[in-house]
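Letter by letter, the chains look like this.
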Amino acid sequence: KTLPGSPGNTRLVSLGDLGAYGSAGTTSNFEFSKKFLEGFGMPFNIITGNHDLEGMTEFTTDKENFAAWKKAFDVSSPHGTFSQQIAEKTLLVGLSTEQFRDNKFSSHEVFISDPQLEWFASVLKAHPAEEGWNIVTFSHAPPMGSQLRHLNSVHVKNTCAWLNHAQGTTRRRTFYRLAREHGGVSVWCSGHFHLSHDYEDSMGIVRGHHPGSMTAYATTGVIGHKSCRDGRRQSRIIHGDAETIRIFSVNHHETVSNGVHVEPLRLDLSFPSSLAARARLSALGEFPKRVPLPEGEKISEGDEWWFSARTPQQGDGCYLPTSEGSLDIVDQSTPGAVCWWHMKNGAVVGVHDGLLVEYDDETLAPVGLVAAKDDVKDRRVEVAEDGVTLILRSESNPEGTLEILPRDDGSYHRVFQENKWIRFLREQSRAKSADAAAATSKN
């Protein structure tokens with residue numbers, strides 16, 4: 001379907017993760033992907049995803065891998081960013097991850113360096129919302145605080161769901177704060193989860209500090225079969241004019257698993273282009289809302305790979321808004337039990353779906369996994385009288401009771417995944433040792 005607009009005002013943007021598993025991050029993949037993107041017949045911009053720096057069999061450093069990516073796509077900016085004005089008062093901005101091997105924990109954390117973050121802040125400052133600018137931002141992973149709550153469970157477990165997820169509280173909140181303060185970051189698109197748009201929480205709308213300001217955070221799916229995690233291949237079209245900004249889903253599949261036929265193009269969100277128009281609506285008590293998903297297309301329940309994040313609510317069975325009187329005992333035997341604790345040290349932990357999860361206390365987005373289902377099963381979760389110690393008490397086996405104390409930084413979540421590059425080097429070393437041992441035995 002053709003949307004109105006001149007070719008000069010049209011741009012294709014790739015959110016990264018160009019290759020399927022096994023070929024990602026290699027020169028040959030970059031060359032193939034460039035031809036693929038050129039096949040659309042329009043100008044394009046591109047940013048890196050975590051897998052684009054995964055060419056471990058070809059490159060030994062992130063610097064080499066990143067340089068090969070920049071060379072292949074003629075990217076001149078030192079950090080892989082772009083800033084492209086596409087129409088009057090309309091700017092596209094892209095942020096790239098710069099680390100894979102050098103990440104402290106999970107290699108798949110989408111890392112935005114401090115110089116790149118400073119550049120982003122300067123771009124926003126130079127294009128103020130008060131002057132009518134609409135900025136569409138692209139990053140491989142979404143910012144914490146985006147209200148996207150259909151997450152890949154492995155990303156939560158391995159602290160790599162959000163931009164700078166494992167870089168500390170301040171650095172992972174920075175993006176969401178910048179967008180709210182600026183007021184003109186109207187749309188923020190991200191990928192990373194390899195999940196479709198057919199979840200209720202695949203789009204988040206967050207209000208800014210200016211009257212009428214908002215950011216629509218939109219998950220963007222994948223086109224390829226091999227990297228799609230829920231069988232639904234989708235991309236997005238963002239269409240804007242002087243009056244309205246519209247965000248569409250493009251379906252690259254014709255039917256879903258229940259046999260329901262889907263249209264190739266679906267409107268997901270529509271809102272006024274100007275800040276003033278949005279402010280007028282807000283004054284009337286109205287604010288943009290996502291177009292309801294067609295019932296036949298909506299994914300309402302997940303599997304092991306899908307983590308449906310929750311937000312603490314007063315109506316939850318044992319929600320504790322403060323750390324005062326924080327002694328509490330919760331029976332987790334009730335199916336669907338949801339419980340939250342605001343710990344005395346400021347941390348927020350919650351139990352739902354059989355998991356014990358730590359949440360960010362400002363954005364209430366999941367930070368990481370404290371205890372998996374096997375640890376929580378058949379145990380009651382208690383907060384000790386000190387307000388900081390978590391107890392997973394086993395009634396049937398007292399020796400099976402677990403105590404969880406906060407780490408030095410006050411957090412509770414565990415680090416599950418070792419850096420992939422370190423594992424790769426260790427496996428290489430073992431293979432060489434095995435080969436040497438085999439050669440010795442032959443001699």
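Please refer to the structure placed before this passage.
The rules we used
Residues numbered from 1 in each chain as written. Predicted model: local features only at pLDDT ≥ 70, side-chain atom pairs only at ≥ 80, totals over all residues. Heavy atoms only, no water. Core = buried A, V, L, I, M, F, W, Y, C linked by side-chain atoms within 4.5 Å. Buried < 20%, exposed > 50% of the residue type's maximum accessible area, 1.4 Å probe, protein only. Helix = DSSP H or I, 4+ residues; strand = E, 2+ residues; numbered from the N terminus. Pairing = 2+ DSSP bridges. Axes fitted to C-alpha atoms, helices over the stretch in contact; angles between N-to-C directions. Parallel < 35°, antiparallel > 145°, perpendicular 65-115°, else oblique. Left-handed = near helix turned anticlockwise from the far one by under 90°. Contact = heavy atoms within 4.5 Å. Nonpolar A, V, L, I, M, F, W, Y, C, P; charged D, E, K, R; others polar. Arc of directions from axis to C-beta. Salt bridge = Lys/Arg side-chain N within 4 Å of Asp/Glu carboxyl O.

A.B. asks: Break down the nonpolar core for me, with residues and values.
C.D. replies: Counting residues in hydrophobic clusters, the biggest one holds 22 residues, and the most contacted among them are F120, L163, F175 and W188. Contributions of two or more residues to this core are made by strand 4 (90–94), helix 3 (114–126), helix 5 (169–182) and strand 7 (185–190). Counting residues in each nonpolar core, the second largest holds 18 residues, with L15, I86, L92 and C189 among its members.

A.B. asks: Explain the sheet that holds strand 10 (residues 234–240) to me, using residue names and the numbers behind them.
C.D. replies: Taken together, three strands build an open sheet; the order of strands is 10-11-12 and the sheet is antiparallel. The sheet is open, and its two borders are formed by strand 10 and strand 12 (265–272), each paired with just one other strand. Averaged over neighbouring strand pairs, the angle between their axes works out to 20° when direction is ignored. The pairing of strand 11 (residues 244–251) with strand 12 spans seven bridges and is classified as antiparallel. Each residue of the ladder has a partner; that of I245, found in strand 12, is F271.

A.B. asks: Residue-level account of the packing of helix 1 (residues 27–38) against helix 2 (residues 62–72), with values.
C.D. replies: Orientation of helix 1 relative to helix 2, taken along the N-to-C sense of each, is 25°, at an axis distance of 10 Å. As far as their axial angle goes, helix 2 and helix 1 are roughly parallel. As for how helix 1 packs across helix 2, the hand of that crossing is right-handed. Contact residues: helix 1 offers T27, F30 and K34, while helix 2 offers N65, A68, W69 and A72. A breakdown of the residues in the contact of helix 1 with helix 2 according to their chemical character gives four nonpolar, two polar and one charged.

A.B. asks: With reference to specific residues and values, describe helix 6 (residues 275–283).
C.D. replies: For helix 6, the full list of buried residues reads L275, A277 and R278. The arc enclosing the buried residues of helix 6, seen along the axis, measures out at 160°, which places them on a common side. Turned more than 90 degrees from where helix 6 packs its buried face, R280 and A283 sit exposed. Turning to helix 6, the residues buried within the fold contact strand 5 (134–138), strand 7, strand 9 (214–219) and strand 12. Looking one or two residues beyond helix 6, the residue adopting positive phi is G285, at roughly 85°.

A.B. asks: Now, about the pattern of salt bridges: what can you tell me, with residues and values included?
C.D. replies: Per the stated rule, a full pass over the model turns up 19 salt bridges. Put simply, E297 and R266 hold a salt bridge, and the shortest N to O gap is 2.8 Å. Of this pair, E297 sits in the loop between helix 6 and strand 13 (306–308) while R266 sits in strand 12, and the two are 31 residues apart along the sequence. An identical accessibility class is assigned to E297 and R266; each is buried.

A.B. asks: Go over the environment of P264 with me, naming the residues and quoting the values.
C.D. replies: The topology assignment puts P264 in the loop between strand 11 and strand 12. C-alpha separation for the pair P264 and Q234, spaced 30 residues apart in sequence, amounts to 9.5 Å. Setting aside anything within four residues of it in sequence, one finds P264 in contact with S249, V250 and N251.

A.B. asks: Requested: an account of the pairing of strand 10, with residues and values cited.
C.D. replies: Two strands pair when backbone bridges link them, and strand 10 and strand 11 are joined in this way by seven bridges, in the antiparallel orientation. Along strand 11, the bridge assignment pairs G240 with I245. Hairpin connection from strand 10 to strand 11: three residues lie between these consecutive antiparallel strands.

A.B. asks: How would you summarise the pairing of strand 9 if you had to cite specific residues and measurements?
C.D. replies: In regular strands, side chains alternate between the two faces of the sheet. By the criterion of burial, strand 9 is predominantly enclosed, with six of the six residues buried. Burial of the side chains of strand 9 extends over both faces: M214, A216 and A218 are buried on one face and T215, Y217 and T219 on the other. In this sheet, strand 9 lies alongside strand 7 in parallel orientation, the contact comprising four bridges. Bridging across to strand 9, S190 finds its partner in T219. Alignment of strand 8 (residues 203–207) against strand 9, held across five bridges, turns out to be antiparallel. Of the residues in strand 9, the one forming a bridge with M203 is A218. Two successive antiparallel strands, strand 8 and strand 9, enclose a turn made up of six residues, where G212 displays a positive phi of approximately 85°.

A.B. asks: Got a sec to walk through unusual backbone geometry? Specific residues and values, please.
C.D. replies: Unusually for a residue other than glycine, D74 sits at a positive phi of about 55°. Within the element layout of this structure, D74 appears in the loop between helix 2 and strand 3 (82–87). Phi is positive for N164, which is not a glycine, with a value near 55°. Judged by relative accessible area, N164 falls into the buried class, the value being 0%.

Remember, this is a structural readout, not a statement about activity or role.
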